[in-house]
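# Close look at the chain arrangement
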Amino acid sequence: MIFFNGNYVEQAHAEITDRGYQFGDGIYEVVRVYNGQLYTAQEHFERLLRSAAEIQMDAKYSVEEYIEICRQLIEKNQIEMGNIYIQVTRGVAPRNHPFPIPSVEPTILLYAYASARPEKGLKEGVKTITAEDIRWLRCDIKSLNLLGNVLNKQKAVEHGATEAIQIRDGIVTEGASSNVFAIKDGTVYTHPANHLILNGITRLEIKKVCASLNIPFVEEAFESSFLFECDEVFISSTSLEVTPVIQIDDTMISNGTPGKVTQAIQDGFVANIGIQ
Ligand SMILES: Cc1ncc(COP(=O)(O)O)c(C=O)c1O
């Protein structure tokens, strides 16, 4: 069962003039489900409403209403370990770039699906590549326009890698679908939460874990060369959690094994989720 424009239905189809379909004029979120329970849903829906406000769009429901829809979807689809995908577009209107006048109802889609944790990568670490960050300048909005991310992720896959670490003007911004962290002498460094990155919900959870473990967490831009001088690198996202990076391009990171600080952060993160 999926939720589409106010109803729980077995199937739904996009209209060809939906602005999400034609312009990428919409926003999305992915919320994790662990043991049948929503994880950090409040934070994800607050970010969804912020993304909506930033593009002057009405996402129609409150955080609490969205959470209730998610609970219904978990129950109706019997999801234990999985994700909920949420997408809101500006709606259906004859094709024209400016916002429709009068405004139309947004198209609202939520669906749940089973998805296992990426155990192998979490334990053994993953390979990554570096790639030029060719995206627009409002990466803080979780918009449907993902072409830059898609092209870089494809490049990673073609190199047998899990993620592309994106670099803009020599500075490490974030992964194609994750945030990036470098550790040097026990301190975690990551790009500040500004218009050049998505302020990941996992990133914010990691910040809390670091505080509880007394690991300094510095939100400062760093150059790509630092990736190869630091001790450890990891990436984070709703699906990847805290994933160690063991290779960037042709260079091994922390001798090709997950580093100790990364592992401590990963352990703290998993303990907070409450799963084994
Ligand atoms: C570009 C980008 N940065 C960062 C993230 C991580 O965000 P979160 O931890 O909220 O999943 C994502 C997640 O999909 C992403 O697409």
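Residues numbered from 1 in each chain as written. Predicted model: local features only at pLDDT ≥ 70, side-chain atom pairs only at ≥ 80, totals over all residues. Heavy atoms only, no water.

### Things to note about the site of the ligand
Rule in force here: In these notes, residues near a molecule or strand are those with any non-hydrogen atom within 4 Å of it. Contacts described as polar in this section are N or O atom pairs within 3.5 Å, which, within protein, must combine one atom able to donate a hydrogen with one able to accept it, while residues neighboring in sequence count only if both atoms come from side chains. Throughout, the protein atoms alone are placed on a 1 Å grid, and a set of points is a cavity if a 1.4 Å probe fits but cannot get out or a pocket if it is open with protein on both sides within 12 Å along at least five of seven lines; lining residues have an atom within 4 Å of a point. Cavities and pockets are treated as containing a molecule whenever more than half of the molecule's atoms lie within 2 Å of their grid points. The helix and strand labels rest on DSSP assignments: H or I over at least four residues marks a helix, E over at least two residues marks a strand, and numbering proceeds from the N terminus. Each residue gets one label: Ala, Val, Leu, Ile, Met, Phe, Trp, Tyr, Cys and Pro are nonpolar, Asp, Glu, Lys and Arg are charged, and the others, such as Gly, are polar. Each domain span listed reflects an automatic or database assignment of domains.
Taken together, 19 residues surround the ligand, and among them Arg47, Glu174, Ile201, Thr202 and Thr238 come closest. For the ligand, an oxygen atom lies 2.6 Å from a polar atom in the side chain of threonine 202. Residue threonine 238 places a side-chain N or O atom 2.6 Å away from an oxygen atom belonging to the ligand. Spatially, the ligand is embedded in the largest pocket. Residue assignment for the shell around the ligand shows that the elements contributing at least two residues are helix 2 (41-54), strand 9 (171-175), helix 6 (201-212) and strand 13 (232-237). Class assignment for the residues of the shell around the ligand results in four nonpolar, 11 polar and four charged. Taken domain by domain, the shell around the ligand gets at least three of its residues from each of domain 1 (2-114) and domain 2 (119-273).

### Some details on the domain arrangement of the protein
Where the parts come together, the accessible area they lose is often given as the size of the interface. Inclusion rule: Contact criterion: two residues are considered in contact whenever any of their non-hydrogen atoms come within 4.5 Å of each other. Accessible surface is computed with a 1.4 Å probe, and the buried area is the amount of it that two parts give up when combined, taken over both parts together. Each reported salt bridge corresponds to a side-chain nitrogen of Lys or Arg within 4 Å of a carboxyl oxygen of Asp or Glu.
Domain boundaries in the protein define domain 1 (2-114) and domain 2 (119-273). Centre-to-centre, using C-alpha coordinates, domain 1 lies 26 Å away from domain 2. At the junction of the two partners, domain 1 supplies 23 residues and domain 2 supplies 18 residues. Here domain 1 and domain 2 share an interface that buries about 1800 Å² over both sides, 57% of which is from carbon and sulfur atoms. Looking only at domain 1, the three residues that lose the most surface to domain 2 are Tyr28, Tyr39 and Arg47, adding up to 34% of its buried area. The tally of links between domain 1 and domain 2 comes to two salt bridges. Across the pair aspartate 140 and arginine 50 runs a salt bridge, and its minimum N-O distance is 3.0 Å. Where domain 1 packs against domain 2, one counts eight residue pairs in polar contact (both at pLDDT 80 or more). When contributions to the side of domain 1 that touches domain 2 are tallied by element, the ones reaching two or more residues are helix 1 (19-23), strand 3 (26-34), helix 2 and strand 5 (82-89). Per-element tally for the side of domain 1 that touches domain 2: the top contributor is strand 3, with eight residues. By residue class, the composition of the side of domain 1 that touches domain 2 is nine nonpolar, eight polar and six charged.

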